[in-house]
There are 2 protein chains.
Amino acid sequence: MKKKSESKLKIIPLGGLEQIGMNITAFEYEDSIIVVDCGLAFPEDDMLGIDLVIPDVSYLKDNIDKVKGFVITHGHEDHIGALPYVLKEVNVPIYATRLTIALIENKLKEHNLLRSTKRKTIKYGQSINLGAFRIEFIKTNHSIQDAAALAIYSPAGTIIHTGDFKVDYTPVFGDTIDLQRFAEIGKKGVLALMCDSTNAERQGYTMSERTVGKTFDNIFSEHKNTRIIIATFASNVDRVQQIINSAYKFKRKVVVEGRSMVNVIGTASELGYIKIPENTLIDIDQMKNYPDNQMVMVTTGSQGESMAALSRMAADLHKKVTIKPGDTIIFSSNPIPGNEKAVSKVINELIAKGADVIFQDVHVSGHPCQEEIKLIYSLVKPKYAIPVHGELRHLTAQAKVAGTLGIPKDRIFILRSGDVLELDDKDAAVTGKVHTGAIMVDGLGVGDVGNIVLRDRQHLSEDGIMIVVLTLEKYSNQLLSGPDIVSRGFVYVREAGDLMGEARSVVEEALDNCLRHKISDWGKIKTEIREALSDFIWKKTKRRPMILPIIMEA
Amino acid sequence: MKKKSESKLKIIPLGGLEQIGMNITAFEYEDSIIVVDCGLAFPEDDMLGIDLVIPDVSYLKDNIDKVKGFVITHGHEDHIGALPYVLKEVNVPIYATRLTIALIENKLKEHNLLRSTKRKTIKYGQSINLGAFRIEFIKTNHSIQDAAALAIYSPAGTIIHTGDFKVDYTPVFGDTIDLQRFAEIGKKGVLALMCDSTNAERQGYTMSERTVGKTFDNIFSEHKNTRIIIATFASNVDRVQQIINSAYKFKRKVVVEGRSMVNVIGTASELGYIKIPENTLIDIDQMKNYPDNQMVMVTTGSQGESMAALSRMAADLHKKVTIKPGDTIIFSSNPIPGNEKAVSKVINELIAKGADVIFQDVHVSGHPCQEEIKLIYSLVKPKYAIPVHGELRHLTAQAKVAGTLGIPKDRIFILRSGDVLELDDKDAAVTGKVHTGAIMVDGLGVGDVGNIVLRDRQHLSEDGIMIVVLTLEKYSNQLLSGPDIVSRGFVYVREAGDLMGEARSVVEEALDNCLRHKISDWGKIKTEIREALSDFIWKKTKRRPMILPIIMEA
């Protein structure tokens, strides 16, 4: 036993730092590894054509014998979305609360992984033993139900990982975050606190989810004569519950629209996480049987996603719903950074159809502001602070908050993905680095699009492509046919005048030049053609299309 | 004279509505047209590779004999940026205040148009006569100096066009907006008010520019031992003045960095719009002669523009400035919608280098919030309200504000680009539509990139391109060489396994099929190849690269 207690705990984030999304962290103690969360990230602007991004889990594959399981804090995509991909390589059991397990099962079903994956539902207050670790699930509040913080007990000490959370004293469903338990564990001594940084730049408190319900009541009472359409996040079941409550109070029927909204509400309803009064929910096809002022529609599309239901309504592409003057449309959401323009576009389209669009102050965040962060730190009183969940600017903001609470700078660790933080009661330090990365998923391809392909897509997107095809006689390199020049995405050919004709002459000249200088290597000939044509096009247009010479042999 | 006064005034926005940017509005009375502003727009996200967007001025070209001149409200790009392009087709004189003219002249110089363009500097309070119109320039406040509102007097009545403005009771340079003159003209009777809508969704007042100066003083006094780098808008001369004031107070030298910053400050300084104490400004190469705590750098890059000075410093690409731990870096700006992620990226990069980055509450807007809009309406008391400058959501927000002031709904006009609003003291109505549009500028090309090219760029950016080249015998259509398949931006070929080999077989099969069915038309053969290959690739990868068959003849 002596040796055991002298080992240190390793905390190794495999993603989720330096970015929003792709949360996954390994905790390692001797021959045991547990993995907290396994999320995806949505592609950055420069990841052209990419559908989603998942973490590189080489470190887990290389240590597969140690890995005891995935412990999941809640059911958002940035915490569960990579599971179907990662499970194919790291097939270990999953532990989570009830709704979280149900949402994971929906995913496993889609990927045909339901049979091959072990999973176990854990209750708040319950602990599980995984190798050297004991993990306790603690009730929190968040913008999805059944969110949990984790107390991770190891021989080297206890870590509290908050997951994503807020402090909601008047939650819509279930209890307030279990502050007493945070205090109790804190009192016994906590080595490190890993706390949500998303809103760490914001002063004050995040408002209770229940305040949005009051706002809905006010809007419903002010818009008694119109149809009401509300867009929000599909996973925010409490939000939908409050819409249903207001609808019931104001004698309106509710239609749920959008694939992910229908799925989540279906799951939540089966499990009893949402209470829908009888005869309140109607099918979208029944809408025509009710007057506008007896209808509420809850829909996806609050982020301006082009394929989501509300965006299709705004663009007149929705098969069953036509926006009309007088409709009251509510965005119960804030744009996620990067989505501002897309959301604005949808708002403008809806206004253009005569709708009254409400998008200010009908949303509260699911993450803690500075005062809540201070509260958790003061209950837990950790020796070390490890801000998590956010870009560097958010982690740094939490580090500043922790500093104001008296935690010395050398006990605050802003980690990067791959950092190995070794810690125990005596000290803590980053002692190494493991391989991590972001793997891009494009269609069925996982990892087959890399930087070269992305750079080509970027190049193609900016100035298009010019393809030069010619046939050369094998030995003499005499031109047998071509050069033919075809372009796409470069210039509208009818506007290009004789640019293409001149381009052909430039290629012929470059080719003659090669023959004159007895350059016979086709690679070199292609380079000569590419450079001559590129210079010519730049001079004429100040554009740099990709130039692709293809030589056929005859 | 009788006939004249019976004509109506036409107001025809040729851009600037439904969007931020590209402000240009024609005012027409009988055989006189004046044009207010001539701005560019920055490309939307789906305008891949486009540099900037200018308005289609066919209407002005078609009525060139009527057009008397451009009247420009202020020197921002969205009000002057299209002039060099439009002047080539509509060469009429330009009227504006002194700094605005100077900034326009900088542009004309770049485009070699200085000689061929007439221009006249107008003072506040001064009027010019252009055909049937008299136009008076009225002092306003904005985030650039010398901004003017216009009183446009026509036989059909007076229009007040605010330009972009705010109400600043304590401006840094020059006087407060001339509220008395607005009142005086309002008292005499104003037909329509065209008022800035940018901030119409925001309650309250925009704070005075001077408040930012106080913030600078506070930051300077709290960071006495570090280098200070401040990014802001190049055109905000008052902001730079306040940085210089704080620098002088705290005994720091000032370096100006970034091409547009150097240009604007140079122009402003020559004209006396900025006061720089002797020995305050130093050249970037002199920086090394001063300790960090005696330096302030003012730089471009506050919007995260990848080529701007601060972004290059953050990415370690700047030749003369290296960010180091301890640097205090201030974003004196808010991200313009659409730039949030780019700005965040730069902030994160700077923090990663150990800099202390301050980006909250070091900026005020240059546009009026709701209370300022109400003030202007209450001074001017127009018969008709025509909200301008903004997307539909902003125009609608101003329309609501106008509604609360008692202007009846049927006297509020939310116009679209091209609408012809005819009005006089008796009534007002949209009576027609003229051709308008957005012309994309890409490199030297103006208007040679249209929707087809953009659609191709979009397609190329998502899944890349596969090019199939083959040589057919002219009459028999026998395959002589190929098919060769080349791809770019589709898949990393080393990861693609035998996909390319299989693809070649698919193409050969499609070709055989054509021969068997005696399909000899090359267009049809290409279609068959494209469809067969597209189906195959979709099945294998769920991607849809552009497929481009090229048939060579031998």
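None of these values were measured; they are calculated from a predicted model.

Calculation rules
Residues numbered from 1 in each chain as written. Chains lettered and ligands numbered in written order. Predicted model: local features only at pLDDT ≥ 70, side-chain atom pairs only at ≥ 80, totals over all residues. Heavy atoms only, no water. Salt bridge = Lys/Arg side-chain N within 4 Å of Asp/Glu carboxyl O. Helix = DSSP H or I, 4+ residues; strand = E, 2+ residues; numbered from the N terminus. Axes fitted to C-alpha atoms, helices over the stretch in contact; angles between N-to-C directions. Parallel < 35°, antiparallel > 145°, perpendicular 65-115°, else oblique. Contact = heavy atoms within 4.5 Å. Nonpolar A, V, L, I, M, F, W, Y, C, P; charged D, E, K, R; others polar. Pairing = 2+ DSSP bridges. Buried < 20%, exposed > 50% of the residue type's maximum accessible area, 1.4 Å probe, protein only. Right-handed = clockwise from strand over helix to strand, strands pointing away. Phe/Tyr/Trp six-rings, centres within 6.5 Å; stacked < 30°, edge-to-face > 60°. Lys NZ or Arg CZ within 6 Å of the ring centre and 35° of its normal.

1. Things to note about the pattern of salt bridges
Side chains bearing opposite charge may pair, as long as their charged atoms lie close to each other.
Then, number 1: A complete count under the given rule lists 46 salt bridges over all chains for this structure.
Then, number 2: Between Lys66 of chain B and Glu28 of chain B there is a salt bridge, with its nearest N and O atoms 2.8 Å apart. Residue Lys66 of chain B is located in the loop between α2 (58-62) and β5 (67-71), and its partner Glu28 of chain B is located in strand β2 (residues 24-29); the two are separated by 38 residues in the primary sequence.
Then, number 3: Here the residues in one salt-bridge network are Asp442, Asp448 and Arg457 of chain A together with Arg543 of chain B, joined through shared partners.

2. Focus on the packing of helix α14 (residues 451-463) of chain A against helix α14 (residues 451-463) of chain B
Relative orientation and spacing of two packed helices are given, respectively, by the angle between their axes and the distance between those axes.
Then, number 1: Relative to each other, α14 of chain A and α14 of chain B sit at 180°, their axes nearing to 8 Å. If you check the angle between α14 of chain A and α14 of chain B, you find them roughly antiparallel. Facing Arg457, Leu460, Ser461, Glu462 and Asp463 of chain A of α14 of chain A, the residues of α14 of chain B in contact are Arg457, Leu460, Ser461, Glu462 and Asp463 of chain B.
Then, number 2: Of the residues belonging to the contact of α14 of chain A with α14 of chain B, the class tally is 2 nonpolar, 2 polar and 6 charged.

3. What about the sheet that holds strand β8 (residues 127-130) of chain B?
Residues and elements named next belong to chain B.
Then, number 1: Spatially, the 6 strands line up as an open sheet ordered β8-β9-β10-β11-β12-β18, and their pairing is mixed. The outermost strands of the open sheet, each flanked by one partner alone, are β8 and β18 (382-385). The sheet shows a mean angle of 25° between the axes of neighbouring strands, direction not considered.
Then, number 2: Bridge count for strand β9 (residues 133-139) against strand β10 (residues 148-154) is 6 bridges, and the pairing is antiparallel. Pairing of Lys139 across the sheet is with Ala148, part of β10.
Then, number 3: Helix α6 (residues 179-188) contacts β9, β10, β11 (157-161) and β12 (190-194) of the sheet and is inclined by roughly 145° relative to β9.

4. Re the pairing of strand β15 (residues 295-299) of chain B
Residue and element names in this part refer to chain B.
Then, number 1: Taking burial as the measure, the 5 residues of β15 include 5 buried ones, the bulk of the element.
Then, number 2: Of the two faces of β15, the one carrying Met295, Met297 and Thr299 and the one carrying Val296 and Val298 are both buried.
Then, number 3: As defined by bridge partners, strand β13 (residues 228-231) adjoins β15 across 4 bridges and the pair is classed as parallel. Residue pairing across strands places Ile229 opposite Met297, the latter belonging to β15.
Then, number 4: With 5 bridges joining them, strand β14 (residues 253-257) and β15 adopt parallel strand pairing. Considered in β15, the bridge of Val254 is made with Val296.
Then, number 5: With helix α9 (residues 259-270) bridging β14 and the parallel β15, this β-α-β connection has left-handed handedness.

5. Focus: the packing of aromatic side chains
Residue and element names in this part refer to chain A.
Then, number 1: Considering all chains together, one arrives at 6 aromatic pairs over all chains under this definition.
Then, number 2: Judged by centre distance (5.9 Å) and plane angle (45°), the ring pair of Phe220 and Phe250 falls under tilted. With Phe220 in helix α7 (residues 210-222) and Phe250 in the loop between α8 (237-249) and β14 (253-257), this pair connects stretches of sequence that are 30 residues apart.
Then, number 3: Given the relative accessible area of 23%, Phe250 is considered partly exposed.
Then, number 4: If you follow Arg134 out to its NZ or CZ, it ends over the ring of Tyr153, 4.1 Å from the centre.

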